[in-house]
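Each chain, written out:
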Amino acid sequence: MSTPALNFKTQAVKLTHDLRHRELIQTALRNYEVVRDRSRAAFQDWQAARQAAAETKWEAINHLDTYLGQLTSKLEARGTKVHWAGTGQQARDIILGILREKKARSVVKSKAMTSEEIHLNEALEQAGFEAVESDLGEFIVQLRKETPRCFAGNWGVSRRRIPRT
């Protein structure tokens, strides 16, 4: 097991016994719920707001080529290099090429389902890079060598979207 993983396990054992830390987390969660409920109450008709959001989403999806072109132009105008990949393999090759060019040895990744969909962690590992997830939940999943799961309703859905009825 890598040093970051051992450090994480050591700190995790220590924190699980820290009652003050637990209290801080509980307080943060309660505060989140209060803010969430206040935000929801700000909408006179939250169902209408939800419908408007759904319509905006479908507008974006139906004109994705236009919006991606606009986004790319704006990013490149600010000096960002945009890479396009048509397949998971192309995306992995681009990422590995950048890492090799920069002579990287390790990678700190943020949570992204896209990296799961293209099997980026496996490609990084096979290429000799150590990948560490910055998101705690994803890091735990990584240590257990599991794939992430998303939840829809009360049932777990593993890497597959199930239409709501």
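Before reading further, recall that the structure is shown in the block above.
Overview of the overall build of the protein chain
Then step 1. When you go through the protein chain residue by residue, the secondary structure sums to 8 helices and 4 strands.
Then step 2. Taken from the N to the C terminus, the helices and strands of the protein chain come in the order α-α-α-α-α-β-α-α-β-α-β-β.
Then step 3. Here the protein chain, with 165 residues, has 16% of them falling under the buried criterion.
Then step 4. A fraction of 45% describes how many contacts in the protein chain between residues 6 or more apart in sequence connect residues 24 or more apart.
Then step 5. With an accessible surface of roughly 13,600 Å², the protein chain has 55% of that area assigned to carbon and sulfur atoms.

Focus on the nonpolar core
Then step 1. Membership of the largest hydrophobic core is limited to 10 residues, which are Ala91, Leu96, Leu99, Val107, Ile118, Leu120, Ala123, Leu124, Phe129 and Ala131.
Then step 2. Among the secondary structure elements, those contributing two or more residues to this core are helix H5 (88-101) and helix H7 (120-126).
Then step 3. With sequence-adjacent residues up to four places away left out, phenylalanine 129 is seen in contact with Leu96, Leu99, Arg100, Ala104, Arg105, Val107 and Leu124.

Thoughts on H5
Then step 1. With 14 residues, H5 should cover 20 Å at 1.5 Å per step; its first-to-last C-alpha distance of 20 Å lies within 8% of that length.
Then step 2. For H5, the complete set of buried residues consists of Ala91, Arg92, Leu96 and Leu99. Along the axis of H5, the buried residues cluster in a sector spanning 125°; they form a single face.
Then step 3. Residues of H5 that are buried make contact with strand S1 (106-109) and H7.
Then step 4. Just downstream of H5 lies lysine 103, where phi reads positive at about 55°.

Considerations on the environment of glycine 88
Then step 1. The residue glycine 88 is located in helix H5 in this model.
Then step 2. Put simply, glycine 88 and glutamate 117 are 29 residues apart on the chain and 7.6 Å apart in space, counted from C-alpha to C-alpha.

Re the pairing of S1
Then step 1. Burial along S1 is one-sided: the residues Val107 and Lys109 are buried and none of Ser106 and Val108 is.
Then step 2. The pairing of S1 with strand S2 (residues 130-133) spans 4 bridges and is classified as parallel. Counterpart to serine 106 in the pairing with S2 is glutamate 130.

Quick look at the pattern of salt bridges
Then step 1. Counted according to the given criterion, the structure contains 2 salt bridges.
Then step 2. Notably, a salt bridge pairs glutamate 23 with arginine 20, separated by 3.3 Å at the nearest N-O pair. Taken together, the residues span about one helical turn, with glutamate 23 and arginine 20 both in helix H2 (residues 19-41) at a distance of 3 residues.
Then step 3. For aspartate 37, the salt bridge goes to arginine 36, with nearest N and O atoms at 3.0 Å.
Then step 4. Residue classification places aspartate 37 among the partly exposed positions, given a relative accessible area of 38%.
Then step 5. For arginine 36, a relative accessible area of 35% puts it in the partly exposed group.

What counts and what doesn't
Residues numbered from 1 in each chain as written. Predicted model: local features only at pLDDT ≥ 70, side-chain atom pairs only at ≥ 80, totals over all residues. Heavy atoms only, no water. Helix = DSSP H or I, 4+ residues; strand = E, 2+ residues; numbered from the N terminus. Buried < 20%, exposed > 50% of the residue type's maximum accessible area, 1.4 Å probe, protein only. Contact = heavy atoms within 4.5 Å. Areas by Shrake-Rupley, 256 points an atom, 1.4 Å probe, with all protein chains shown as cover. Core = buried A, V, L, I, M, F, W, Y, C linked by side-chain atoms within 4.5 Å. Expected span 1.5 Å × (residues − 1). Arc of directions from axis to C-beta. Pairing = 2+ DSSP bridges. Salt bridge = Lys/Arg side-chain N within 4 Å of Asp/Glu carboxyl O.

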